[in-house]
Amino acid sequence: METLSENKCFGGTQGVYCHASKACQCDMTFAVFLPEEAASGPVPVLWYLSGLTCTHENAMVKAGAQAWAAEAGIALIFPDTSPRGEGVSDDEAYDLGQGAGFYVNATQDPWAPHFQMWDYISAELPSVIAENFNIDMSRQSITGHSMGGHGALTLALRNPRHYASVSAFAPICNPTQSDWGRKQLGAYLGQDEAAWLKHDATCLMREKGATCPILIDTGTSDQFYDLLGTAAFASAVAEQKAAASVRLQDGYDHSYFFVSTFMPDHIEFHANALLGKSA
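Worth saying up front: this structure is predicted, and the values here are computed from it rather than measured.

## Concerning the nonpolar core
If you look at the biggest cluster of nonpolar residues, it comprises 88 residues, and the most contacted ones within it are Tyr188 and Phe233. Among the elements that line this core, the one with the most residues is helix H9 (residues 256–275), at eight residues.

Here you go:
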């Protein structure tokens, strides 16, 4: 693992790192915020998965999460959204290829050799984190925005004992029924739609329900609202009587102004699960 930068931040350290990924067969960059408590013992962690076109950097500099994580004594991990670099397949469209990994393991050419983001986020990167940082990997929660919210929900719903809590900002909740989903799932996984279902949070909720608490915020003025499937997920939550709060925030859009506004709520939500207390 190579250290690209480290800066003091709210009493802790915000770092950016790079490593050679076996899952993605390329170098991958990620960011970690460690609160000052990490200097004296392992701390719990909140993963933040970003959306289409983003890298590790977008949320790191725009979400305002470090201040609230520092107050709660929680680490933050900001992975990249896809494999990158020379030899990694890409597409001219912004919503496919580099920057649009969709948190799945691709089975189709030309994506399969590198686009193994499910394995990377669920297994490989956690192993790298455990080996290199003073983080308690038995206490993990996960959140994300848009495509990253899709990833956070599906990872938590399919790994019910892995995360103490899950939240999302304007997540893609029902990708099998959306242009933000059908395009990517078809390209990465092929045209057998049965293979798509395990990457659809609404389908997973209807099938299995949820064992960890869930918080979702979506703006009523989100310019991509029709692509998100918020109502379908809320309906599935009601069917399962799941411990989930799906909130519509009046007048907010899809931007990081929206994300940063409600970040304190989400950090407090995860602190309650990870620490048993408010942030």
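## A few points about the packing of aromatic side chains
Counting across every chain of the model gives twelve aromatic pairs. With a centroid separation of 6.4 Å and an interplanar angle of 80°, the aromatic rings of Phe30 and Phe133 are classed as edge-to-face. Of this pair, Phe30 sits in strand E3 (residues 26–34) while Phe133 sits in the loop between helix H3 (117–132) and strand E6 (135–144); the two residues are 103 residues apart in sequence, bridging distant segments of the chain. We classify Phe30 as buried; its relative accessible area is 0%. Ring centres of Trp180 and Phe224 lie 4.7 Å apart, and the angle between their planes is 35°; this geometry places the pair in the tilted category. One end of the pair, Trp180, is in helix H5 (residues 179–189); the other, Phe224, is in the loop between strand E8 (214–219) and helix H7 (225–228), with 44 residues separating them in the sequence. Since its relative accessible area comes to 5%, Trp180 is described here as buried. Exposure remark for Phe224: the relative accessible area of 27% places this residue in the partly exposed category. Through a chain of ring-to-ring contacts, three or more aromatic side chains come together here, namely Phe169, Tyr252, Phe258 and Phe262.

## As for the layout of surface pockets
Here the largest pocket defines a volume of roughly 190 Å³. Taken together, 13 residues form the lining of the largest pocket, with Leu52, His145, Ser146, Phe224 and His254 sitting closest to its centre. For the lining of the largest pocket, the residue count by class is six nonpolar, seven polar and no charged.

## Some points on the pattern of salt bridges
Scanning the model with the defined rule gives six salt bridges in all. For the salt bridge of Asp217 with Arg247, the shortest nitrogen-to-oxygen distance reads 2.7 Å. Here Asp217 is found in strand E8, whereas its partner Arg247 is found in strand E9 (residues 244–249), with 30 residues between them in sequence. A residue is classified by how much of its surface remains accessible, and Arg247, at 26% relative accessible area, is partly exposed. A network of salt bridges, in which partner residues are shared, links Asp217, Arg247 and Asp265.

## What to know about the packing of helix H6 (residues 201–208) against helix H8 (residues 230–240)
Contact geometry for H6 and H8: axes closest at 9 Å, N-to-C directions at 10°. Classified by the angle their axes make, H6 and H8 are roughly parallel. Contacts between H6 and H8 involve Ala201, Thr202, Met205, Arg206 and Glu207 from the former and Ala232, Phe233, Ala236, Val237, Glu239 and Gln240 from the latter. Looking at side-chain class alone, the contact of H6 with H8 contains six nonpolar, two polar and three charged residues.

The rules behind these values
Throughout this description, residue numbers start from 1 for each chain and increase along the sequence as written. Owing to the predicted nature of the model, reporting of local features is limited to residues with pLDDT of at least 70; listing and counting of side-chain atom pairs is limited to 80 or more, with chain, interface and lining totals taken over all residues. Side-chain figures throughout are based on the complete set of non-hydrogen atoms in the structure, without hydrogens or water. Among the buried residues, those of types Ala, Val, Leu, Ile, Met, Phe, Trp, Tyr and Cys that are joined through side-chain atoms within 4.5 Å form a nonpolar core. Burial classes follow relative accessibility: with a 1.4 Å probe on protein chains only, a residue under 20% of its type's maximum area counts as buried, one over 50% as exposed, and anything between as partly exposed. Runs of E in the DSSP output that reach at least two residues are strands. Runs of H or I that reach at least four are helices, and both are numbered from the N terminus. By convention, a stacked pair of Phe, Tyr or Trp rings (six-membered ring in the case of Trp) has centres within 6.5 Å and planes under 30 degrees apart, an edge-to-face pair has planes over 60 apart, and any other such pair is tilted. Here a cavity denotes a set of grid points, spaced 1 Å apart and computed over the protein atoms alone, in which a 1.4 Å probe fits but from which it cannot get out, and a pocket denotes an open set meeting protein on both sides within 12 Å along at least five of seven lines; residues with an atom within 4 Å of a point are reported as lining. Grid points are joined across faces, edges and corners, and a volume is the space filled by probe spheres set on the points. Gly counts as polar in this scheme, as do all residues outside two lists: the nonpolar Ala, Val, Leu, Ile, Met, Phe, Trp, Tyr, Cys and Pro, and the charged Asp, Glu, Lys and Arg. In what follows, salt bridge is the name for a side-chain nitrogen of Lys or Arg lying within 4 Å of a carboxyl oxygen of Asp or Glu. The convention used is that axes are lines fitted to C-alpha atoms, helices contributing only their stretch in contact, and that angles between N-to-C directions extend from 0 to 180 degrees. In what follows, roughly perpendicular refers to angles from 65 to 115 degrees, roughly parallel to angles under 35, roughly antiparallel to angles over 145, and oblique to any angle outside these ranges. Whether two residues are in contact is decided by their heavy atoms: any pair within 4.5 Å suffices.

By themselves, these observations are geometric and do not establish any function.
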